[in-house]
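Structure at a glance
What follows is the residue order along each chain.
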Protein chains: 2
Amino acid sequence: MKATAKANTNIALIKYWGKRDEELFLPMNSSLSITLDSFYTITNVEFSRNLNKDIFMLNNHQASESESNKVFRFLDKIRKLAGTHLHAVVTSENKVPTAAGFASSASGFAALAAAAAKALNLELDERELSILARQGSGSACRSIYGGYVEWQRGERADGKDSYAKQLLSERDWNISILSCLVASGQKQVSSREGMKRTALTSPFYSGWLNTVEKDLERAKEAIRLRDFESLGKIVEANALKMHATMLGAEPPILYWQSGTMEVMHHIQNLRLSGISAYFTIDAGPNVKVLCLPEDEQRVYESLLTLPSVQNVIICHPGAGVSYL
Amino acid sequence: MKATAKANTNIALIKYWGKRDEELFLPMNSSLSITLDSFYTITNVEFSRNLNKDIFMLNNHQASESESNKVFRFLDKIRKLAGTHLHAVVTSENKVPTAAGFASSASGFAALAAAAAKALNLELDERELSILARQGSGSACRSIYGGYVEWQRGERADGKDSYAKQLLSERDWNISILSCLVASGQKQVSSREGMKRTALTSPFYSGWLNTVEKDLERAKEAIRLRDFESLGKIVEANALKMHATMLGAEPPILYWQSGTMEVMHHIQNLRLSGISAYFTIDAGPNVKVLCLPEDEQRVYESLLTLPSVQNVIICHPGAGVSYL
């Protein structure tokens with residue numbers, strides 16, 4: 001009745017932006033990510049007949065009501081699947097520091113899905129686990145796998161064909177991902193709200209959907225060929241396009257800060273000086289830089305010279321879900 | 001055979017972005033601008049039988065070959081209209097400092113069109129002059145008029161219905177336009193190239209065209225009602241949309257710098273503190289801020305406190321073409 005799982009977070013190279021089903025977390029477009037080695041969540045779930053409600057402990061403290069409710073609603077989905085009404089204690093250790101500029105929902109719901117399913121002996125394969133994790137947070141479905149991962153949007157209304165699969169394992173191609181923190185503090189618009197507003201109001205959203213699947217195919221081909229330059233170009237352009245769709249929303253959404261722009265121009269200048277580095281930016285102000293491992297140290301040091309960069313953490317492709 | 005004209009530059013509130021005819025400078029969409037009082041070009045044109053080539057003197061120096069050729073090609077169009085082969089000396093005094101972050105082509109070609117047409121006794125009315133100026137630089141057709149000006153895209157292939165007209169004179173509604181210089185130096189991508197690449201490659205360009213005419217109608221209504229808040233919201237959103245279309249171009253075009261972003265967030269924060277101020281940004285990094293005259297001094301002083309703002313110049317609606 002209990003189990004512990006560990007999941008790493010992931011960074012999208014081709015972005016997930018917009019849902020076709022809010023309840024099932026079904027995306028409008030397929031996406032592609034790298035699971036990272038440095039940031040993870042370890043979660044223990046223990047179901048018990050002795051509980052009359054769920055409890056969620058996060059980093060040794062009782063989690064906020066809004067965080068707890070997300071977890072409890074997700075447990076409801078798992079209970080329904082397992083045909084049980086038992087409550088659980090969920091204990092999470094979250095090693096995705098805010099200072100890294102990553103959301104913790106991907107690793108969080110991947111670890112929770114894996115631990116809860118194992119605790120209830122659901123015997124899900126990775127695909128089924130990916131489908132389950134997706135219903136906690138869309139991007140969590142990618143963190144089930146290590147390395148380079150594609151999330152196929154799927155076509156079905158029930159979401160049974162919307163899951164992730166591995167393209168390359170973390171051992172097959174090592175690249176460096178440098179996470180640059182340029183601004184901390186709560187975002188004014190959540191990703192969830194941002195993608196919803198964009199899909200509903202931006203005149204650019206159809207242009208996004210019309211080109212993102214082609215971006216994905218080109219990115220997959222670049223990964224297959226280990227062609228870093230091609231991958232970098234596609235990834236950077238895809239991130240710019242995602243942010244462009246938000247600028248057209250009503251009212252407009254602007255996640256970038258002056259430091260975001262400083263890092264973007266710095267990376268483009270590094271390329272002019274012959275270093276192959278590219279950026280990507282999620283729904284927030286922080287920038288993630290991709291480069292080859294041989295350039296990692298130079299890129300790292302150059303980023304630290306920028307006035308607006310508060311912190312840089314180096315990551316590499318990491319493993320999928322494991323059980324402790 | 002000689003004449004002198006003065007024209008002010010203008011700032012677009014609803015942007016001109018993309019041509020349907022490169023040679024005739026016919027736009028894909030209608031636009032709306034304010035002619036400004038502070039930045040102008042004074043141009044003298046003298047045709048003579050004693051010249052065997054054109055000469056272009058800019059601010060007391062012979063202009064560069066590329067600048068001169070634009071002027072000479074424009075003179076060719078005027079000569080064709082007048083049925084003459086005479087060459088001319090063009091002497092321009094350009095009071096559109098680079099430090100103001102404005103392009104000088106609007107005031108430059110408006111003054112040149114007016115002076116050259118008068119020197120050749122073409123007796124054009126303002127509409128015909130607007131059509132002529134447009135063929136030197138699109139936005140020049142708006143600088144023929146003072147105050148609030150609309151440039152109707154027109155439908156005809158010959159451009160005869162693509163000209164500007166005045167919505168309100170400069171005396172009818174005074175607002176403040178603060179020009180903030182955040183970065184100097186040559187742009188990496190010219191407006192001409194930027195709009196061309198966007199129209200050809202950006203998946204967002206159709207979304208731009210689908211909404212810009214509605215923006216224009218709403219802006220005209222706000223001007224008619226002297227509704228500054230409504231106008232500001234539309235203007236700011238329209239500028240963001242124009243820049244968004246470029247982020248989708250292949251390769252992407254990013255005119256913003258970190259200082260651009262700093263001013264944008266500053267203005268949005270000013271609004272949170274109750275000051276009604278809005279920004280617009282042309283194809284470059286500098287920001288123009290709109291506010292009401294009663295807030296002008298406070299906005300001006302607050303902009304000067306920003307580390308990345310090098311210079312702020314206050315403008316107001318100004319007059320159309322005049323003859324000296």
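Everything numeric here is computed off the predicted structure, so don't read it as measured data.

What counts, and where the lines are drawn
- Residues numbered from 1 in each chain as written.
- Chains lettered and ligands numbered in written order.
- Predicted model: local features only at pLDDT ≥ 70, side-chain atom pairs only at ≥ 80, totals over all residues.
- Heavy atoms only, no water.
- Buried < 20%, exposed > 50% of the residue type's maximum accessible area, 1.4 Å probe, protein only.
- Helix = DSSP H or I, 4+ residues; strand = E, 2+ residues; numbered from the N terminus.
- Pairing = 2+ DSSP bridges.
- Contact = heavy atoms within 4.5 Å.
- Buried area = accessible area lost by both parts, 1.4 Å probe.
- Salt bridge = Lys/Arg side-chain N within 4 Å of Asp/Glu carboxyl O.
- Nonpolar A, V, L, I, M, F, W, Y, C, P; charged D, E, K, R; others polar.
- Least-squares fit on C-alpha atoms with pLDDT ≥ 70 in both.
- Domains from an automatic or database assignment.
- Phe/Tyr/Trp six-rings, centres within 6.5 Å; stacked < 30°, edge-to-face > 60°.
- Lys NZ or Arg CZ within 6 Å of the ring centre and 35° of its normal.
- Axes fitted to C-alpha atoms, helices over the stretch in contact; angles between N-to-C directions.
- Parallel < 35°, antiparallel > 145°, perpendicular 65-115°, else oblique.
- Left-handed = near helix turned anticlockwise from the far one by under 90°.

Observations regarding the pairing of strand β12 (residues 287–291) of chain B
Residues and elements named next belong to chain B.
- Within β12, 5 of the 5 residues are buried, leaving the element largely enclosed by the surrounding structure.
- Here β12 shows two buried faces, one formed by V287, V289 and C291 and the other by K288 and L290.
- As defined by bridge partners, strand β10 (residues 176–181) adjoins β12 across 5 bridges and the pair is classed as antiparallel. Each residue of the ladder has a partner; that of S176, found in β12, is C291.
- Relative to β12, strand β11 (residues 277–280) is paired through 4 bridges, and the arrangement is antiparallel.

Here's the deal with the interface of chain B and chain A
- Taken together, the contacts link 22 residues of chain B with 22 residues of chain A.
- On the chain B side of the contact with chain A, F204, L247 and L254 of chain B bury the most area, a combined 27% of that side's loss.
- Here chain B is connected to chain A by 0 salt bridges.
- For the side of chain B that touches chain A, the secondary-structure elements that each account for two or more residues are α5 (205–224), α6 (228–247) and α7 (258–272) of chain B.
- Considering only residue class, the side of chain B that touches chain A consists of 12 nonpolar, 8 polar and 2 charged.

Quick word on the relation of the copies chain B and chain A
- In the superposition of chain B on chain A (RMSD 0.0 Å, axial shift 0.0 Å), the rotation amounts to 180°. In short, the pair behaves as if placed about a two-fold rotation axis.
- When the interface residues of chain B are mapped onto chain A, 100% of them again fall at the interface, so both copies present the same face.

Concerning the domain arrangement of chain A
Residues and elements named next belong to chain A.
- Domain annotation of chain A identifies domain 1 (2–172) and domain 2 (176–315).
- On a C-alpha basis, the centroid separation for the pair domain 1 and domain 2 is 24 Å.
- Facing 32 residues of domain 1, the contacting portion of domain 2 comprises 40 residues.
- When domain 1 packs against domain 2, close to 3000 Å² is buried across both sides, 69% of that on carbon and sulfur atoms.
- Contact with domain 2 buries area across many residues of domain 1, yet I14, K15 and W17 alone supply 28% of it, more than any other trio.
- For the pair domain 1 and domain 2, the number of links is 3 salt bridges.
- K220 is paired through a salt bridge with E150; the nearest N and O atoms lie 2.8 Å apart.

Description of the packing of aromatic side chains
- Tallied over the entire structure, the rule returns 10 aromatic pairs over all chains.
- An angle of 50° between the planes, with centres 5.3 Å apart, marks the rings of F204 of chain A and F204 of chain B as tilted. Here F204 of chain A, found in the loop between α4 (191–201) and α5 (205–224), pairs with F204 of chain B, found in the loop between α4 (191–201) and α5, and the two come from separate chains.
- Residue F204 of chain B is classed as buried on the basis of its relative accessible area, which comes to 0%.
- Seen from their ring centres, Y16 of chain B and W151 of chain B are 4.7 Å apart, and the 65° between their planes marks the pair as edge-to-face. Taken together, the residues span a long stretch of sequence, with Y16 of chain B in the loop between β1 (2–14) and β2 (19–21) and W151 of chain B in strand β8 (residues 148–151) at a distance of 135 residues. For the residue pair Y16 of chain B and W151 of chain B, the accessibility class agrees, reading buried in each case.
- In this structure, K6 of chain A packs its charged tip against the face of Y40 of chain A, placed 4.4 Å from the ring centre.

Digging into the packing of helix α6 (residues 228–247) of chain A against α6 of chain B
- One can describe the packing of α6 of chain A onto α6 of chain B by two numbers: an axis separation of 8 Å at closest approach and a directional angle of 160°. With respect to α6 of chain B, the element α6 of chain A is oriented roughly antiparallel. Crossing angle aside, the handedness with which α6 of chain A passes α6 of chain B is left-handed. Every residue of α6 of chain B that contacts α6 of chain A at L240, K241, A244 and L247 of chain A is listed here: L240, K241, A244 and L247 of chain B.
- Each residue belonging to the contact of α6 of chain A with α6 of chain B can be placed in one class, and the counts come to 6 nonpolar, no polar and 2 charged.

Some points on the sheet that holds strand β12 (residues 287–291) of chain A
All names here are of chain A.
- As summarised here, the arrangement of the 4 strands in space is β11-β12-β10-β13, forming an open sheet in which the pairing is antiparallel. Each edge of the open sheet carries a strand with a single partner, namely β11 (277–280) and β13 (311–315). Strand-to-strand, the axes of this sheet are offset by a mean angle of 25°, without reference to chain direction.
- Against the sheet, α6 makes contact with β11 and β12, and its axis sits at roughly 30° relative to β11, the strand it touches most.
- Helix-sheet contacts for helix α8 (residues 296–304) involve β10 (176–181), β11, β12 and β13, and the interaxial angle to β10 is about 10°.

A short note on the pattern of salt bridges
- The full count for this structure, using the stated rule, is 33 salt bridges over all chains.
- Close ionic contact of R271 of chain A with E236 of chain A constitutes a salt bridge, the shortest N to O distance being 2.8 Å. Of this pair, R271 of chain A sits in helix α7 (residues 258–272) while E236 of chain A is found in helix α6, placing the two residues 35 residues apart along the sequence.
- Judged by relative accessible area, R271 of chain A falls into the partly exposed class, the value being 26%.
- Note on E236 of chain A: relative accessible area 5%, which makes it buried.
- Residue E23 of chain B is joined to K77 of chain B by a salt bridge in which the shortest nitrogen-to-oxygen separation is 3.8 Å. One end of the pair, E23 of chain B, is in the loop between β2 and β3 (26–27); the other, K77 of chain B, is in helix α1 (residues 65–82), with 54 residues separating them in the sequence.

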